[in-house]
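Chain by chain, the residues:
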Amino acid sequence: MVEITFIAKPGCHLCDEARPVVERVVAGFPGATMHEVSILDDPELEARWSEDIPVVLIDGRPHSSWRVDPVKLADRIQARLTA
């Protein structure tokens, strides 16, 4: 199982653009799950990522920020599933 974490905040236009991209890619992999967290709910996340949102983590490791390339995300998920 591959866990995708989407770090965002309400009102972030880049987050609103990236969210459907991440959701669509993750939906193509039965072995992957996605959950979203808001930096407003976690002071540590806000301190670390506030200038970089949206942030995509794969199994807790940074994959991308600001913009999400669906091909690169799919490739990384596939690599993690076959590792």
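One can find the structure itself at the top, above this paragraph.
All of these numbers come straight from a predicted model, not from anything done at the bench. (Residues numbered from 1 in each chain as written. Predicted model: local features only at pLDDT ≥ 70, side-chain atom pairs only at ≥ 80, totals over all residues. Heavy atoms only, no water.)

Q: For this particular structure, what's the right way to read the pairing of strand β1 (residues 2-8)?
A: Residues in a regular strand point their side chains to alternate faces of the sheet. Along β1, six of the seven residues are buried, which leaves the element largely enclosed by surrounding structure. Note that β1 and strand β2 (residues 32-38) share seven bridges and pair parallel. Each bridged residue has a counterpart across the sheet, and for phenylalanine 6 the counterpart in β2 is glutamate 36. Of the crossover connections in this fold, the one passing from β1 over helix α1 (residues 13-27) to the parallel β2 is right-handed. (Buried < 20%, exposed > 50% of the residue type's maximum accessible area, 1.4 Å probe, protein only. Helix = DSSP H or I, 4+ residues; strand = E, 2+ residues; numbered from the N terminus. Pairing = 2+ DSSP bridges. Right-handed = clockwise from strand over helix to strand, strands pointing away.)

Q: Teacher, can you tell me more about the sheet that holds β2 here?
A: Pairing between the strands of a sheet is mediated by backbone hydrogen bonds and can be parallel or antiparallel. Ordered in space as β2-β1-β3-β4, the four strands form an open sheet in which the pairing is mixed. On the outer flanks of this sheet lie β2 and β4 (61-65), each paired with one strand and no other. When strand polarity is set aside, the average angle formed by the axes of neighbouring strands in this sheet is 25°. Relative to strand β3 (residues 55-58), β1 runs antiparallel, the two sharing four bridges. Its bridge partner lying in β3, threonine 5 is registered against leucine 57. Most of the contacts of α1 go to β1, to which it runs at about 170°, and overall it touches β1, β2 and β3. (Axes fitted to C-alpha atoms, helices over the stretch in contact; angles between N-to-C directions. Contact = heavy atoms within 4.5 Å.)

Q: In this structure, what is going on with the nonpolar core? I would like to understand it.
A: One broad trend across soluble globular proteins is that nonpolar side chains are buried collectively. Residues Ile4, Ile7, Val22, Ile53, Leu73 and Ile77 are the most contacted members of the largest nonpolar core, which totals 26 residues. Here this core takes seven residues from α1, the largest share from any one element. Once residues lying within four places of it in the same chain are set aside, the contact partners of isoleucine 53 are Ile7, Ala8, Lys9, Cys12, Leu14, Cys15, Ile39 and Trp66. (Core = buried A, V, L, I, M, F, W, Y, C linked by side-chain atoms within 4.5 Å.)

Q: How should the pairing of β3 be read in this particular structure?
A: The side-chain alternation of β3 yields two buried faces, one formed by Val55 and Leu57 and the other by Val56 and Ile58. With four bridges connecting them, β3 and β4 associate as antiparallel partners. Bridging from a neighbouring strand, leucine 57 pairs with proline 62 of β4. Turn length for the β3-β4 hairpin, with the two strands adjacent in sequence and antiparallel, is two residues, and the turn residue aspartate 59 shows positive phi of about 50°.

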